[in-house]
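Residues per chain are reported as follows:
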Amino acid sequence: MKQLGLIIFAALLLQGCGNSGKPKNEVAENVVKKVKVERAFHTGKKIGIGGEISPQWKKSDSLCAHVSTDELIKLAYKHEDKIERLIAFHALLMKNPHEAVNVAIAEVEDTTIVHISSGCCGSEDMASNIRVEMIQYNREHYKVSKEDSVRLDSAILFSSNGSKFYYSNCLYHRLPAKPEYENRLWQLYEQTPYALIPLARYHREEVKKVITQLLTEIENKDLWPYRDTIRSVLDAVVVWPSPSYKRQVRLICRKVLNNKDRVGFTNYAFGALMAYNDQWSYNCIDKALSVSKQRDKLYYNDCWSFHEAYEDNPQPLFKPLIKKYPLE
């Protein structure tokens, strides 16, 4: 009888739970309540596997069409939701790119982290970097003036977050050698080796010493642990192909092009060799591609890297090699 009573009690308990309308597992219910699903800002127009139009982009289009510039500025600055601020900023960029640049400059120190989604991929980024990339990578599309673009470049350069912007690498490649930038670039060089690239444009003896020293350091080192140094110093050579370190450049580029772990480095080596625009550099590239074509599975990567480097610096001397080693 005692056993039967326990069975009946258990059955009634289960029945009560089933009729209560509440989840049977209250622990699970509490966990669900505590879990916060973080929304992501869509950096691309299309999302998901099917490539449907992002509702955020549709909202930006609607805001651009129906909301005033002043109101968009307020939303981009002050909306309580960080994703909504970026949606409003995108609308402002479409409606009034000059005012969008003003907002980006005013918010250049913003370190708010936002989840982002591009197609089917997700990651995190600073809200300030998202604004900068929206503007600077799409200047022609959004009709951003050259003057506004330069203003934003200067703001990024002197920002305390200067070395944190993903756009900084692009900035270093396009930054002119203005006197007011030089001291700041030396400060940034202490944080990132890529600041050496714009410093090379000043043609200072101290920069030449740094380049020579770095080339000496990496001459007998493995590639991958020194990847940032190799990439930055070879790009600095492209900016300033001084005869004083030509021998070192030749040795290091040969080492890179003959290395089994060269993927991710070959376009830098080709770029540095082409910067000298001489017969010895032509012969070096020709030999590297010829050997790669005959015996290496990485030939397509090498060929692609060479074509990419040639597009960046289309010297007529190297045009025969484009025909000799076509992309197939």
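See the structure printed just above.
How each quantity is defined
- Residues numbered from 1 in each chain as written.
- Predicted model: local features only at pLDDT ≥ 70, side-chain atom pairs only at ≥ 80, totals over all residues.
- Heavy atoms only, no water.
- Pairing = 2+ DSSP bridges.
- Helix = DSSP H or I, 4+ residues; strand = E, 2+ residues; numbered from the N terminus.
- Polar contact = N/O pair within 3.5 Å; in protein donor to acceptor, adjacent residues only side chain to side chain.
- Phe/Tyr/Trp six-rings, centres within 6.5 Å; stacked < 30°, edge-to-face > 60°.
- Buried < 20%, exposed > 50% of the residue type's maximum accessible area, 1.4 Å probe, protein only.
- Axes fitted to C-alpha atoms, helices over the stretch in contact; angles between N-to-C directions.
- Parallel < 35°, antiparallel > 145°, perpendicular 65-115°, else oblique.
- Left-handed = near helix turned anticlockwise from the far one by under 90°.
- Contact = heavy atoms within 4.5 Å.
- Nonpolar A, V, L, I, M, F, W, Y, C, P; charged D, E, K, R; others polar.
- Core = buried A, V, L, I, M, F, W, Y, C linked by side-chain atoms within 4.5 Å.

> Mind showing me how you'd approach the pairing of strand E1 (residues 41-47) here?
Every regular strand shows the same layout, with side chains that alternate between the two sheet faces. With two bridges joining them, E1 and strand E2 (residues 52-53) adopt antiparallel strand pairing. Bridge pairing in E2 places Ile-47 opposite Glu-52. Two successive antiparallel strands, E1 and E2, enclose a turn made up of four residues, where Gly-48 displays a positive phi of approximately 75°.

> Where do I start with the environment of Arg-39 in this structure?
Its place among the elements puts Arg-39 in the loop between helix H2 (26-34) and E1. Sequence spacing of Arg-39 and Lys-82 is 43 residues, and the spatial spacing of their C-alpha atoms is 9.7 Å. Side-chain polar atoms of Arg-39 contact the side chain of Asp-81, separated by 2.7 Å.

> Would you mind showing me how to read the packing of aromatic side chains here?
One pair of aromatic rings is described through two measures. These are the centre distance and the angle between the planes. Under the definition given, this model contains eight aromatic pairs. On the numbers, 5.5 Å between centres and 50° between planes, the contact of Tyr-276 with Trp-280 is tilted. Under the relative-accessibility criterion, Tyr-276 is labelled buried at 12%. With 6.1 Å between their ring centres and 40° between their planes, Tyr-300 and Trp-304 make a pair best called tilted. You can see Tyr-300 and its partner Trp-304 sitting in helix H17 (residues 299-312), four residues apart, about one turn around the helix. Since its relative accessible area comes to 45%, Tyr-300 is described here as partly exposed.

> When you look at the packing of helix H5 (residues 82-95) against helix H7 (residues 127-136) in this model, what are you seeing that I'm missing?
When two helices pack together, their arrangement is given by the angle between the helix axes and the distance between those axes. Remark: H5 packs on H7, axes separated minimally by 11 Å, with the N-to-C direction vectors making an angle of 20°. Between H5 and H7, the interaxial angle falls into the category roughly parallel. Once H5 is placed against H7, the crossing between them reads as right-handed. Here Leu-86, Phe-89, His-90 and Leu-93 of H5 lie close against H7, whose contacting residues are Ala-127, Ile-130, Arg-131, Met-134 and Ile-135. Here the contact of H5 with H7 is composed, by residue class, of seven nonpolar, one polar and one charged.

> Just to check I follow, could you spell out the nonpolar core for this structure?
The nonpolar side chains of a soluble globular protein tend to be buried, and buried together. By size, the foremost hydrophobic cluster in this structure holds 91 residues, and its most contacted members are Phe-41, Leu-185, Ile-211, Ile-285 and Phe-306. Discounting residues that sit within four places of it in the chain, Ile-211 has contacts with Leu-196, Val-233, Ala-236, Val-237 and Tyr-245.

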